[in-house]
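What the coordinates show
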Amino acid sequence: MISRGDLLQQAEQILRRNDLGGYTAPSPRLYPHQWNWDSAFCAIGWAHLDWSRAVREIDTLLAGQWADGFLPHIHYNPEVTQGYQPGPEWWPDVPVRTLGERTSGISQPPVLPTAVYLIGMAQPDESVRRAWWARLIGPLRDLIVCYPRTRTVSASPLLVVVHPWESGADNSPRWDFAAGGSFAPSRPYRRADTRVVAAAQRPTDRDYDLYYYLIELIAGHRYDLRGYFPQTPFAVYDALFNAIWYRAARDVNRIAGVLAQPPAITEADLQRFKESYHQTLWNDGVRLFRDFNLKVNAQIPVDSVAGLGAISAGLADRAQAEAMIAAYLQRCRGYRLLPSVPPDQTGFEVDRYWRGPVWAQINWLVIRGLQELRLDRYATALADETLALAQRSGWREFYHARTGAGLGGEDFSWTAALVIDLLHRPSVLTGP
Ligand code: 9WN
């Protein structure tokens with residue numbers, strides 16, 4: 001097992017190696033373009049190494065922002081024409097702010113505002129910090145209000161996630177209800193991922209059929225939920241996406257407060273959102289938040305680590321968070337932490353992508369949330385576990401839930417970036 005000093009050095013090498021100029025590829029062979037939440041996590045790591053490189057990462061991500069503030073899940077690098085599918089041709093006429101930018105037509109958990117808050121706080125010169133926040137507050141405000149404006153239906157303030165890729169947890173058993181529906185796109189597609197990573201660790205062809213079916217449906221309606229909502233088989237309140245949005249909204253408000261500007265989302269609206277999140281997604285029987293399927297108006301009866309997202313967002317108080325994490329750990333005894341799906345859950349697979357393996361960025365979110373709630377015993381154990389996985393198994397996309405062996409993409413950027421953050425900033429900061 002390598003020392004923590006060497007770990008830091010290796011992590012820095014990974015980020016520098018994956019640095020493609022203005023952005024950090026998540027894992028250059030598997031994912032050569034810029035991904036939304038990956039880049040936010042990478043920027044958090046960069047801030048400890050080179051603050052202006054973190055700023056650049058975010059500028060490049062925001063260059064793909066749409067006119068209405070929406071931040072797509074992939075910002076394509078036009079110089080990379082091979083090695084990832086789907087390419088930008090699957091997403092025609094995306095309404096980008098800057099003509100010529102190529103992006104996907106769906107989003108991902110909006111970690112960016114939280115990253116901007118943390119990176120700002122890592123800047124010791126207050127005038128530099130304020131000037132940077134003043135430059136970004138407009139795009140961040142647009143981003144945060146865009147989702148309630150374009151991704152709500154009926155009276156609920158919760159945000160609708162329209163593609164498994166938007167959840168960031170693509171083939172989670174939570175989405176099996178849709179992947180089992182035999183949906184397939186009208187045009188042929190080819191998979192590039194299974195040329196790089198063993199098919200047994202990736203989503204199945206049936207999952208991909210659904211992914212491409214939804215791409216055609218969403219693009220065919222010009223990315224407007226109102227157009228395809230009646231037809232789509234996939235419209236969910238994802239517990240993690242919604243938690244991350246809530247956290248992001250509070251962080252944009254904090255930045256706005258420092259700049260003496262009005263909040264992006266009012267306290268009353270945040271409160272309404274929180275109440276709705278609890279009413280709609282809490283499941284007392286399993287002591288976890290669950291996702292909600294809007295097509296049948298019911299919770300999805302599948303537990304996953306996404307249900308702990310509330311801990312990282314300030315959506316659960318200390319007592320509830322402790323009950324949640326204790327119950328989750330109890331179900332995962334004998335496994336590495338945190339399995340993305342508890343081993344007793346139907347659909348769990350120990351080594352397949354989002355169906356069981358451990359992911360460093362999820363751990364990081366939960367660790368920071370536990371620290372903020374002063375649940376330090378859990379937070380420290382989870383941070384040690386996360387560092388140990390990298391120390392023993394290297395810089396991988398995810399880790400085998402039983403053995404901790406490294407799986408999926410290699411030289412993975414967010415694993416490196418967040419290990420850097422955990423080592424440089426072992427506990428959370430308190431700030432404005
Ligand atoms: C589709 C880049 C991304 C992550 C996602 C992860 C995976 C893509 C894929 O890789 O998804 O977006 O092709 O499998 O599920 O969370 O952002 O690392």
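All of these numbers come straight from a predicted model, not from anything done at the bench.

Observations concerning helix 4 (residues 112-121)
Counted residue by residue, helix 4 has 10 buried out of 10 residues, so it is predominantly covered. Of all the positions in helix 4, only Leu 112, Pro 113, Thr 114, Ala 115, Val 116, Tyr 117, Leu 118, Ile 119, Gly 120 and Met 121 are classed as buried. Along its buried surface, helix 4 packs onto helix 2 (36-49), helix 3 (51-62), helix 5 (126-150), helix 10 (239-258) and helix 14 (360-372).

Looking at the nonpolar core
Counting residues in each nonpolar core, the largest one holds 148 residues, and the members touching the most others are Leu 112, Ile 144, Tyr 277 and Leu 308. Looking at this core, the element that brings in the most residues is helix 10, giving 12 residues. Not counting residues up to four positions away in its chain, the partners in contact with Tyr 277 are Leu 158, Ala 239, Asn 242, Ala 243, Trp 282, Phe 289, Ala 310 and Leu 315.

Comments concerning the side chain of Gln 34
With respect to the helices and strands, the residue Gln 34 is situated in strand 1 (residues 34-35). A relative accessible area of 1% places Gln 34 in the buried class. In this structure the side chain of Gln 34 is engaged in a polar contact, spanning 2.9 Å, whose partner is the side chain of Ser 39. Engagement of the side chain of Gln 34 in a polar contact is seen with the backbone oxygen of Glu 57, the distance being 3.3 Å. Excluding anything up to four places from it in sequence, Gln 34 contacts Tyr 23, Ser 39, Glu 57, Thr 60, Leu 61, His 73, Ile 74 and His 75.

Considering the site of the ligand
The environment of the ligand is made up of 16 residues, and the closest members are Asp 38, Tyr 84, Gln 108, Gly 168 and Tyr 353. Side-chain polar atom of His 73 to an oxygen atom of the ligand: 3.2 Å apart, as the coordinates give it. In the environment of the ligand, an oxygen atom lies 2.9 Å from a nitrogen or oxygen atom belonging to the side chain of Gln 108. Partitioning the shell around the ligand into residue classes produces 10 nonpolar, 3 polar and 3 charged.

Digging into the packing of aromatic side chains
Aromatic rings in a pair are described by how distant their centres are and how their planes are angled relative to each other. For the coordinates displayed, the defined rule picks out 37 aromatic pairs. Between Tyr 277 and Phe 289 the ring centres are 4.9 Å apart and the planes differ by 55 degrees, which places this aromatic pair in the tilted class. Taken as a pair, Tyr 277 in helix 11 (residues 267-281) and Phe 289 in strand 5 (residues 288-289) lie far apart in primary sequence, 12 residues in all. Three or more aromatic residues joined by ring pairs make a cluster, and in this case those are Tyr 31, Trp 35, Trp 37, Phe 41, Tyr 84, Tyr 353, Trp 354, Trp 359, Trp 364, Phe 398, Phe 412 and Trp 414.

Some thoughts on the side chain of Thr 415
The residue Thr 415 is located in helix 16 (residues 413-424) in this model. Not counting the four nearest positions on each side in its chain, Thr 415 is found in contact with Ala 360, Trp 395, Arg 396 and Tyr 399.

Here we look at the environment of Gly 394
Structurally, the position occupied by Gly 394 is in the loop between helix 15 (376-393) and strand 8 (398-399). Gly 394 sits 383 residues away from Ala 11 along the chain, and the two C-alpha atoms are 9.4 Å apart. In this structure, Gly 394 is in contact with Leu 389 and Tyr 399, ignoring residues within four places of it in sequence.

Some thoughts on unusual backbone geometry
Phi is mostly negative for residues that are not glycine, and the peptide bonds are mostly trans. Residues Gln 85 and Pro 86 are joined by a peptide bond in cis, for which omega reads 0 degrees. The step from Leu 337 to Leu 338 runs through a cis peptide bond, and the omega angle for that step is -15 degrees. Mapped onto the secondary structure, Leu 338 falls in the loop between helix 13 (318-331) and helix 14. In this structure, Ala 260 is a non-glycine residue whose phi angle is positive, near 55 degrees. In the Ramachandran plot, Tyr 353 falls in the positive-phi region, its phi being about 50 degrees despite a non-glycine side chain. Structurally, Tyr 353 can be placed in the loop between helix 13 and helix 14. Looking at Tyr 353, the relative accessible area reads 3%, which means it is buried.

Some words on the packing of helix 4 against helix 5
Where helix 4 meets helix 5, the closest approach of the two axes is 10 Å, and the angle between their N-to-C directions is 170 degrees. Overall, the two elements helix 4 and helix 5 adopt an arrangement that is roughly antiparallel. Taking contact as the criterion, the partners of Leu 112, Pro 113, Val 116, Tyr 117, Ile 119, Gly 120 and Met 121 in helix 4 are, on helix 5, Arg 129, Trp 132, Trp 133, Leu 136, Leu 140, Leu 143 and Ile 144. Residues of the contact of helix 4 with helix 5, tallied by class, amount to 12 nonpolar, 1 polar and 1 charged.

Describing the sheet that holds strand 3 (residues 236-237)
What the 3 strands build is an open sheet, ordered 3-6-7; its pairing is antiparallel. Among the strands making up the open sheet, the edge pair consists of strand 3 and strand 7 (298-299). Pairing between strand 3 and strand 6 (residues 292-293): 2 bridges, direction antiparallel. Considered in strand 6, the bridge of Val 236 is made with Asn 293.

So, how was this worked out
Residues numbered from 1 in each chain as written. Predicted model: local features only at pLDDT ≥ 70, side-chain atom pairs only at ≥ 80, totals over all residues. Heavy atoms only, no water. Buried < 20%, exposed > 50% of the residue type's maximum accessible area, 1.4 Å probe, protein only. Helix = DSSP H or I, 4+ residues; strand = E, 2+ residues; numbered from the N terminus. Contact = heavy atoms within 4.5 Å. Core = buried A, V, L, I, M, F, W, Y, C linked by side-chain atoms within 4.5 Å. Polar contact = N/O pair within 3.5 Å; in protein donor to acceptor, adjacent residues only side chain to side chain. Near = heavy atom within 4 Å. Nonpolar A, V, L, I, M, F, W, Y, C, P; charged D, E, K, R; others polar. Phe/Tyr/Trp six-rings, centres within 6.5 Å; stacked < 30°, edge-to-face > 60°. Axes fitted to C-alpha atoms, helices over the stretch in contact; angles between N-to-C directions. Parallel < 35°, antiparallel > 145°, perpendicular 65-115°, else oblique. Pairing = 2+ DSSP bridges.

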